[in-house]
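# A look at the structure
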Amino acid sequence: MKKGERTFKRGVRTGFTTGACAAAAARAATLALVEGVFPRTVLALLAYGEKQLFSVEAGEFLAKGVRAVVIKDAGDDPDCTHGAHLTALVEAIPAAPGQILLRGGDGVGRVSRLGVGLAVGEAAINPIPQQNIQENVRQAAGPFLAQQGISVTISVPGGEEMAKKTLNARLGILGGISILGTEGVVHPYSTSAYKATVKQAVQAAAELNSPIVVFTTGRRT
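No experiment lies behind these values; they were computed from the predicted model shown.

So, about the overall build of the protein. Across its full length, the protein carries six helices and 13 strands. Counting the 221 residues in the protein, one finds 43% classified as buried. At a minimum sequence separation of 6, the contacts of the protein that also span at least 24 residues come to 67%.

Applying the stated criterion across every chain yields a total of two aromatic pairs. Seen in terms of ring centroids, Phe16 and Phe54 are 4.9 Å apart; in terms of plane orientation they differ by 55°. Their pairing is tilted. Residue Phe16 is found in strand S1 (residues 15–16), and its partner Phe54 is found in strand S3 (residues 51–55); the two are separated by 38 residues along the sequence. What makes Phe16 buried here is its relative accessible area of 18%. Taking the centre distance of 5.1 Å and the plane angle of 65° together, the rings of Phe38 and Phe61 count as edge-to-face. Pair noted here: Phe38 is in the loop between helix H1 (18–35) and strand S2 (41–45) and Phe61 is in strand S4 (residues 58–61), with a separation of 23 residues, a long-range link.

Helix length check: H1 (18 residues) gives 26 Å between terminal C-alpha atoms against 26 Å at 1.5 Å per residue, within 8%. The buried fraction of H1 is high, at 15 of 18 residues.

In the predicted model, the protein carries a mean pLDDT of 85, and the fraction of residues at 70 or more is 83%. At the level of individual helices and strands, the protein shows its lowest average pLDDT in helix H6 (residues 191–207), which scores 64, and its highest in strand S10 (residues 149–155), which scores 97. Overall, residues 1–8 carries pLDDT values under 50, and its contacts beyond four positions in sequence, including any with other chains, amount to two contacts.

Attention now moves to the packing of H1 against helix H2 (residues 127–141). Two numbers describe a pair of packed helices, the interaxial angle and the distance between the axes. Between H1 and H2, the shortest axis-to-axis distance is 8 Å and the interhelical angle comes to 20°. Taken together, the axes of H1 and H2 lie roughly parallel to each other. Considering how the two elements wind past one another, H1 and H2 form a crossing that is right-handed. Along the contact surface, H1 presents Gly19, Ala20, Ala22, Ala23, Ala26, Arg27, Thr30, Leu31 and Val34, while H2 presents Pro129, Asn132, Ile133, Asn136, Val137, Gln139, Ala140 and Ala141. Across the contact of H1 with H2, the residue classes break down as eleven nonpolar, five polar and one charged.

Before going further, it helps to examine the nonpolar core. If you look at the biggest cluster of nonpolar residues, it comprises 43 residues, and the most contacted ones within it are Phe54, Ile133, Val152 and Ile154. Among the secondary structure elements, those contributing two or more residues to this core are H1, S2, strand S5 (66–71), strand S6 (85–93), H2, helix H3 (144–147), S10 and helix H4 (159–163). Broken down by element, the residue count for this core peaks at eleven residues, all from H1. Once residues lying within four places of it in the same chain are set aside, the contact partners of Phe54 are Phe16, Ala20, Cys21, Ala24, Arg40, Thr41, Val42, Ala44, Leu46 and Val70. Counting six residues, the second largest nonpolar core, distinct from the first, contains Val116, Leu118, Leu171 and Ile173.

Definitions and limits used
- Residues numbered from 1 in each chain as written.
- Predicted model: local features only at pLDDT ≥ 70, side-chain atom pairs only at ≥ 80, totals over all residues.
- Heavy atoms only, no water.
- Helix = DSSP H or I, 4+ residues; strand = E, 2+ residues; numbered from the N terminus.
- Buried < 20%, exposed > 50% of the residue type's maximum accessible area, 1.4 Å probe, protein only.
- Contact = heavy atoms within 4.5 Å.
- Phe/Tyr/Trp six-rings, centres within 6.5 Å; stacked < 30°, edge-to-face > 60°.
- Expected span 1.5 Å × (residues − 1).
- pLDDT = per-residue confidence, 0-100.
- Axes fitted to C-alpha atoms, helices over the stretch in contact; angles between N-to-C directions.
- Parallel < 35°, antiparallel > 145°, perpendicular 65-115°, else oblique.
- Left-handed = near helix turned anticlockwise from the far one by under 90°.
- Nonpolar A, V, L, I, M, F, W, Y, C, P; charged D, E, K, R; others polar.
- Core = buried A, V, L, I, M, F, W, Y, C linked by side-chain atoms within 4.5 Å.

Written out as structure tokens, the structure reads:
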């Protein structure tokens, strides 16, 4: 190495997606709702089928439900949502036995136009995280779900500010971050994540009938 040259050491520690952390928080809150005791850790199902132990940062019993928080650890990936408090509010719905209703709360973006794989007006919780959250709630609820339905509201304190560092506004996702993840695991400097971002941007442009799409290179490419 020549004098004055800088070296860049890339870490290899994996982390977890917003979707996986939201699912873990929802599972913890559901367990507390059913059992009456908050778990300090929760063994949550990831989207690709494996289970992972998550720490439950905080939890509280409310008048109408239970709230649990899992803090996102993105590993060595330079992710602006690292440290985000993925929060799940779980409430029983006596009139809807067997049903799991999923909503987006404060800090979760809302879709304002077509092209991102979700309907306009929906919370920006992608399909795979939706399925993962619901499956974790189903497993944690057990027989309780046959007697009463469950409502799950995912929120992210400070999510609207975090979203300013993402492409969400350009994609028409307003008011917060997206709940993402295809596997549940974040790989540092992931090319697959970059490809998924580009694909979503192109799909959004196609839905808007944009005649021109411009690709720009990164800082070191």
